[in-house]
Amino acid sequence: FRFFCDMYRTPKRDIRDASRRTLTWALSSGRNIAMTLGGFEEASLCLRGKDRVIVKSRKGIIKYCLKYGYRIHPIYTFGEDYTYYYVDGALDL
């Protein structure tokens, strides 16, 4: 995965982890950011024909956006469960 992240990197775009340190660095330097929430948990709960979302009390990104004056644009993609093929049984792990 790190190899692909390094290949994607240019002076105008980058892929980084979503840690507090990285987030405060990006927001305080005025960079535009996009984050994909849910991660491995949400990816492993996918089933064809069913939209499942992991909602936790992770409000840190909202707090930092408000602190640094960023606007938040939440986006949900319908039908993403038909985009990829999944291994059945990951829900039981």
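Here's a quick rundown of the structure. (Residues numbered from 1 in each chain as written. Predicted model: local features only at pLDDT ≥ 70, side-chain atom pairs only at ≥ 80, totals over all residues. Heavy atoms only, no water.)

**What about the packing of helix α2 (residues 20-28) against helix α4 (residues 60-68)?**
For step 1, the next point in the chain: At a minimum axis separation of 10 Å, α2 and α4 run at an interaxial angle of 25 degrees. The angle between α2 and α4 places the two elements in the roughly parallel class. Helix-helix and strand crossings are classified by hand; for α2 and α4 the assignment is right-handed. Where α2 approaches α4, its residues Arg20, Leu23, Thr24, Leu27 and Ser28 are matched on the opposing element by Ile61, Tyr64, Cys65 and Tyr68.
For step 2, the next point in the chain: Class assignment for the residues of the contact of α2 with α4 results in six nonpolar, two polar and one charged. (Axes fitted to C-alpha atoms, helices over the stretch in contact; angles between N-to-C directions. Helix = DSSP H or I, 4+ residues; strand = E, 2+ residues; numbered from the N terminus. Parallel < 35°, antiparallel > 145°, perpendicular 65-115°, else oblique. Left-handed = near helix turned anticlockwise from the far one by under 90°. Contact = heavy atoms within 4.5 Å. Nonpolar A, V, L, I, M, F, W, Y, C, P; charged D, E, K, R; others polar.)

**Looking at a nonpolar patch on the surface**
For step 1, the next point in the chain: Together, Phe3, Phe4 and Met7 make up a nonpolar patch on the protein surface, roughly 400 Å² of accessible area in all.
For step 2, the next point in the chain: Within the secondary structure, Met7 sits in helix α1 (residues 2-8). (Patch = residues over 30% accessible without salt bridge, like charges linked within 9 Å, V, L, I, M, F, W, Y side chains within 5 Å. Areas by Shrake-Rupley, 256 points an atom, 1.4 Å probe, with all protein chains shown as cover. Salt bridge = Lys/Arg side-chain N within 4 Å of Asp/Glu carboxyl O.)

**Overview of the pattern of salt bridges**
For step 1, the next point in the chain: Considering all chains together, one arrives at one salt bridge under this definition.
For step 2, the next point in the chain: In this structure, Asp14 engages Arg16 in a salt bridge whose closest nitrogen and oxygen atoms are separated by 2.7 Å.
For step 3, the next point in the chain: A residue is classified by how much of its surface remains accessible, and Arg16, at 47% relative accessible area, is partly exposed. (Buried < 20%, exposed > 50% of the residue type's maximum accessible area, 1.4 Å probe, protein only.)

**Quick notes on the environment of Tyr82**
For step 1, the next point in the chain: Residue placement: Tyr82 occurs in the segment after α4.
For step 2, the next point in the chain: Spatially, the C-alpha atoms of Tyr82 and Leu47 are 8.8 Å apart, while their sequence positions differ by 35 residues.
For step 3, the next point in the chain: If we ignore the near neighbours within four places in the chain, the residues touching Tyr82 are Arg48 and Gly49.

**Considering α4**
For step 1, the next point in the chain: Taken together, the buried positions of α4 are occupied by Ile61, Tyr64 and Cys65. The buried residues of α4 occupy one face: seen down the axis, they fall within an arc of 100 degrees. Seen from the open side of α4, the exposed residues pointing more than 90 degrees away from its buried face are Lys63, Leu66 and Lys67.
For step 2, the next point in the chain: The inward-facing, buried residues of α4 contact α2.
For step 3, the next point in the chain: Positive backbone phi, approximately 80 degrees, marks Gly69, located one or two places after α4. (Arc of directions from axis to C-beta.)

**Comments concerning the side chain of Thr22**
For step 1, the next point in the chain: Structurally, the position occupied by Thr22 is in helix α2.
For step 2, the next point in the chain: We classify Thr22 as buried; its relative accessible area is 15%.
For step 3, the next point in the chain: Setting aside residues no more than four positions away along its own chain, Thr22 makes contact with Arg16 and Asp17.

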